[in-house]
Amino acid sequence: MRTASGGRAGVRADFPIFARDFGGRPLIYLDSAASSQKPEVVIEALAEHLRNHNANVHRGVYALAQEADAAYDGARARVAAFVGGEPETTIFTKNATEAINLVAYAWGRENLNPTGAVLITQMEHHANIVPWQQLCRERGAELRYLEVDERGELSLEQLDAELARGDVRMLAFAHVSNVLGTINPVAEMTRRARAAGALTLVDGAQAVPHMPVDVAALGADFYAWTGHKALGPTGIGVLHGRREVLEEMQPFLTGGDMIASVDFQSATWNELPYKFEAGTPPIAEAVGLGAAVEYLERLGMERVRAHERSLTAYMLERLAQVPGLRVVGPPEAERRGGLASFTIEGMHPHDIAELADRGGVCIRAGHHCAQPLMRCLGVGATARASVGVYNDAADIDALLDALLAGREVFGLSGA
Amino acid sequence: MDDLYRDYILDHYKRPRNFGELEPHDLEGLEHNPLCGDELGVHILVKDGRIEDIRFHGHGCAISQASASIASEELKGMKLADVGALDADWMIELLGIPVSATRRKCALLNLKVVRGAVTGDNAWPE
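Residues numbered from 1 in each chain as written. Chains lettered and ligands numbered in written order. Predicted model: local features only at pLDDT ≥ 70, side-chain atom pairs only at ≥ 80, totals over all residues.

Undergrad: Report on the overall build of chain A, specifying residues and quantitative values.
TA: Within chain A, the secondary structure is distributed over 14 helices and 15 strands. Here the C-alpha radius of gyration of chain A, 22 Å, is about what a compact globule of 415 residues would show, namely 22 Å. Structurally, chain A occupies a C-alpha span of about 75 × 55 × 30 Å along its principal axes. Split into buried and exposed, the 415 residues of chain A put 52% on the buried side. Within chain A, counting contacts between residues at least 6 apart in sequence, those at least 24 apart form 70% of the total. (Helix = DSSP H or I, 4+ residues; strand = E, 2+ residues; numbered from the N terminus. Rg over C-alpha atoms; globule rule 2.2 N^0.38 Å. Buried ≥ 20, exposed ≤ 12 C-beta atoms within 10 Å, placed from the backbone. Contact = placed C-beta atoms within 7 Å.)

Here you go:
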């Protein structure tokens with residue numbers, strides 16, 4: 001896509017990694033669903049913070065410490081505003097996985113008992129499965145799954161039927177599936193859950209970097225995402241929570257910074273959001289993420305989505321030209337995020353990815369941390385190509401050339 | 001000619017030797033490749049302290065399937081007492097292709113399964 005300042009190279013030129021030489025070729029990166037590349041403004045913001053503004057936060061009285069405070073809390077305000085959240089209910093974590101674990105531990109331990117159930121879906125990433133498995137085992141509660149249909153979508157009728165059983169305390173699901181690409185009807189699902197008295201947690205790791213997200217409008221009680229997929233650094237995730245629920249919750253991790261006062265035998269908790277941020281937080285990472293969301297805002301998330309939707313449509317059209325290739329998930333680009341998982345008859349996904357790399361194309365292969373979904377799809381693994389703001393049609397063409405060349409290496413026929 | 005996907009590798013991948021089930025069998029094992037979740041199992045028939053017959057079953061990439069197929073031909077007739085000493089170098093050398101660090105487990109999965117079935121040692125071969 002193009003920057004406001006124009007130019008074909010546009011956005012790509014903002015990412016220094018694309019200037020690197022990879023054995024005589026530029027990088028062709030189609031693995032943004034795993035982790036995005038970083039624009040210069042993010043790298044510079046991190047470096048500038050560490051170089052000139054570094055101190056611990058929330059305890060220092062000297063000027064430098066106040067700069068660090070301002071940088072950290074300023075980043076929180078920017079990150080919150082980026083997705084329609086409020087700073088006090090925007091908690092920084094290590095990643096989306098920790099954000100979900102925070103809820104499973106801090107909310108789940110106090111609120112789930114053997115009469116209750118947690119409802120998740122067959123399309124979840126392990127990060128939104130295993131914490132609930134552990135919680136349900138510990139609390140003697142039932143863990144149930146909404147099914148994925150042959151289009152890779154959920155059924156609102158099944159959701160209603162599950163909620164009608166009256167025991168669902170938590171509904172947790174992905175905004176966008178990291179394997180199928182499916183965009184779930186979040187607002188509709190959270191509305192139905194609330195009407196049935198269930199809380200909701202949405203895993204937005206694959207949504208926030210790629211489309212406009214307004215956590216207030218989506219209506220989830222918890223919304224989790226991660227920085228490194230959103231052009232930011234690793235080591236920082238975000239949890240947005242509903243204020244009333246967060247206030248009632250006990251802390252997750254305990255220690256410094258999250259307390260109001262500590263006595264020999266007991267402690268009281270700091271206010272939101274600090275109650276859920278024990279120990280020195282990822283300060284420089286927060287600053288980097290703040291720069292990342294500023295950059296995305298400048299591009300405009302509507303434009304980011306439009307760009308990735310048209311690239312995805314092109315990718316689906318080109319992949320259909322490869323003999324024996326099957327894409328999983330919704331057939332229409334409008335109904336999916338910027339990724340396509342696929343199999344090729346006669347080639348294992350690992351071999352597909354290895355051969356794509358021969359053509360200089362980075363794609364992922366494996367179970368994508370979604371083994372239950374793989375079982376539902378009847379495959380062991382898939383290959384996955386995913387796009388970001390810096391990709392264009394030429395990247396998709398390079399993928400196609402590599403896939404067709406790979407089929408030749410494997411001696412597969414058919415045109 | 002591709003360095004990794006040589007003709008004999010693809011031949012073993014497409015027509016794996018000693019694949020299927022073996023009933024009855026004396027020893028068995030089943031392992032997963034953590035990289036992709038692929039599954040590889042083995043059935044072994046023992047006679048006079050040697051591997052009389054061997055069959056692998058499961059699915060996997062060209063590297064893991066070809067490795068199992070090639071190894072099966074070497075393992076047949078081998079003394080059980082010698083299996084525990086087989087290491088990663090044995091397998092990589094037998095395979096005869098440059099295996100990258102990320103694909104190493106694909107190549108070694110079959111040896112892990114066999115050593116587990118014979119010796120009870122489920123560690124990754126080193």
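Undergrad: Got a sec to walk through the domain arrangement of chain A? Specific residues and values, please.
TA: Size of an interface: often given as the accessible area lost when the parts come together. All names here are of chain A. For chain A, the assigned domains read domain 1 (10-30 + 300-409) and domain 2 (44-297). For domain 1 versus domain 2, the separation of C-alpha centres amounts to 28 Å. At five residues, helix H11 (residues 301-319) tops the list of elements feeding residues into the side of domain 1 that touches domain 2. Class assignment of the residues belonging to the side of domain 1 that touches domain 2 gives a composition of 11 nonpolar, six polar and six charged. (Domains from an automatic or database assignment. Nonpolar A, V, L, I, M, F, W, Y, C, P; charged D, E, K, R; others polar.)

Undergrad: Explain the environment of A:Asn101 to me, using residue names and the numbers behind them.
TA: With respect to the helices and strands, the residue A:Asn101 is situated in helix H3 (residues 96-106). The spatial distance from the C-alpha of A:Asn101 to the C-alpha of A:Val130 is 9.1 Å, given a sequence separation of 29 residues.

Undergrad: So what about the interface of chain A and chain B? Which residues, and what values?
TA: Counting residues at the interface gives 15 residues for chain A, matched by 13 residues for chain B. For the side of chain A that touches chain B, the elements supplying multiple residues, two or more each, are helix H12 (349-358), strand E14 (364-366) and helix H13 (371-377) of chain A. Broken down by element, the residue count for the side of chain A that touches chain B peaks at four residues, all from H12(A).

Undergrad: Account for the environment of A:Asp401, naming residues and giving values.
TA: Inspection of the secondary structure puts A:Asp401 in helix H14 (residues 393-409). Distance from A:Asp401 to A:Ala81, taken between C-alpha atoms, is 41 Å for residues 320 residues apart in sequence.

Undergrad: Before we move on, can you summarise the sheet that holds strand E5 (residues 168-174) of chain A with the specific residues and values?
TA: Whenever strands of a sheet pair, they do so through backbone hydrogen bonds, lying parallel or antiparallel. All names here are of chain A. Reading across the sheet, the seven strands line up as E2-E8-E7-E6-E5-E3-E4 and stay open at both edges, with mixed pairing between neighbours. Taken across any chain shown, the strands that pair with only one partner, and hence form the sheet edges, are strand E2 (90-93) and strand E4 (142-146). Adjacent strand axes in the sheet meet at a mean angle of 20° when their direction is disregarded. (Pairing = 2+ DSSP bridges. Axes fitted to C-alpha atoms, helices over the stretch in contact; angles between N-to-C directions.)

Undergrad: Give me the lowdown on the confidence of the model for chain A, citing residues and values where you can.
TA: Overall, the prediction assigns chain A a mean pLDDT of 95, with 97% of residues at 70 or greater. Scored below 50 in pLDDT, residues 4-8 of chain A makes one contact in the model with residues more than four places away or belonging to other chains. (pLDDT = per-residue confidence, 0-100.)

Undergrad: Provide a residue-level description of helix H5 (residues 130-139) of chain A, including the pertinent values.
TA: Residue and element names in this part refer to chain A. For H5, the set of buried residues is Pro-131, Trp-132, Leu-135 and Cys-136. Projected onto a plane normal to the axis of H5, the buried residues spread over an arc of 125° and lie on a single side. Gly-140 sits one or two residues past H5 and shows a positive phi near 70°. (Arc of directions from axis to C-beta.)

Undergrad: Please give an account of the packing of helix H4 (residues 88-95) of chain B against helix H5 (residues 104-119) of chain B that cites residues and values.
TA: Helices that pack against each other are described as a pair by the angle of their axes relative to one another and the distance between those axes. Residues and elements named next belong to chain B. Where H4 meets H5, the closest approach of the two axes is 10 Å, and the angle between their N-to-C directions is 120°. With respect to each other, H4 and H5 are oriented oblique. H5 is crossed by H4, and the crossing has right-handed handedness. Packed against H4, whose contacting residues are Ala-88, Met-91, Ile-92 and Leu-95, the element H5 presents Ala-107, Leu-108 and Leu-111 at the interface. A per-class count over the contact of H4 with H5 returns seven nonpolar, no polar and no charged. (Parallel < 35°, antiparallel > 145°, perpendicular 65-115°, else oblique. Left-handed = near helix turned anticlockwise from the far one by under 90°.)

Undergrad: Kindly report on the sheet that holds strand E2 (residues 39-47) of chain B, identifying the contributing residues and their values.
TA: Residues and elements named next belong to chain B. With antiparallel pairing, the three strands of this open sheet are ordered in space as E1-E2-E3. Looking at which strands have only one partner, the edges of the open sheet turn out to be strand E1 (27-32) and strand E3 (50-58). In this sheet, adjacent strand axes meet at a mean angle of 15° when their direction is disregarded. Relative to E3, E2 runs antiparallel, the two sharing eight bridges. Bridge assignment links Val-46 to a residue of E3, and that residue is Ile-51. On the sheet, helix H2 (residues 62-75) packs against E2 and E3 and is oriented at approximately 165° with respect to E3. Sitting on the sheet, H5 is in contact with E1, E2 and E3, with an inclination near 140° to E1.

Undergrad: How would you summarise helix H10 (residues 283-299) of chain A if you had to cite specific residues and measurements?
TA: Residues and elements named next belong to chain A. When the terminal C-alpha atoms of H10 are compared, their 25 Å separation across 17 residues agrees well with the 24 Å that a helix rising 1.5 Å per residue should span. When you tally the buried positions in H10, you get 14 out of 17 residues, the bulk of the element. Looking one or two residues beyond H10, the residue adopting positive phi is Gly-300, at roughly 90°. (Expected span 1.5 Å × (residues − 1).)

Undergrad: I'd love a proper account of the pairing of E2(A), names of residues and values included.
TA: Residues and elements named next belong to chain A. Of the two faces of E2, the one holding Thr-90 and Phe-92 and the one holding Ile-91 and Thr-93 are both buried throughout. Bridge count for E2 against strand E8 (residues 237-241) is four bridges, and the pairing is antiparallel. Considered in E8, the bridge of Phe-92 is made with Val-238.

Undergrad: Describe unusual backbone geometry, and please don't skip the residues or the numbers.
TA: Between A:Leu272 and the following residue, A:Pro273, the backbone shows a cis peptide bond with an omega angle of 0°. Mapped onto the secondary structure, A:Pro273 falls in the loop between strand E10 (267-269) and H10. The omega torsion of the bond from B:Glu23 to B:Pro24 falls at 0°, within 30 degrees of zero and hence cis. Secondary-structure assignment places B:Pro24 in the loop between helix H1 (7-14) and E1. At A:His368, a residue that is not glycine, the phi angle is positive and equals roughly 55°. With respect to the secondary-structure elements, A:His368 resides in the loop between E14 and H13. The backbone of B:Asn18 shows a phi angle near 55°, a positive value even though the residue is not glycine. Checked against the element boundaries, B:Asn18 lands in the loop between H1 and E1.

Undergrad: Can you break down the environment of B:Ala101 residue by residue, with the values?
TA: Residue placement: B:Ala101 occurs in the loop between H4 and H5. For the pair formed by B:Ala101 and B:Asp89, sequence separation is 12 residues and the distance between their alpha carbons is 13 Å.

Undergrad: Tell me what's going on with the packing of H12(A) against H14(A), and back it up with residues and numbers.
TA: All names here are of chain A. Between H12 and H14, whose axes approach to 8 Å, the crossing angle comes to 115°. Considering the relative orientation of H12 and H14, their crossing is right-handed. On H14, the residues that touch Ile-352, Leu-355, Ala-356 and Arg-358 of H12 are Leu-399, Ala-402, Leu-403, Gly-406 and Val-409. Partitioned by chemical class, the residues of the contact of H12 with H14 number seven nonpolar, one polar and one charged.

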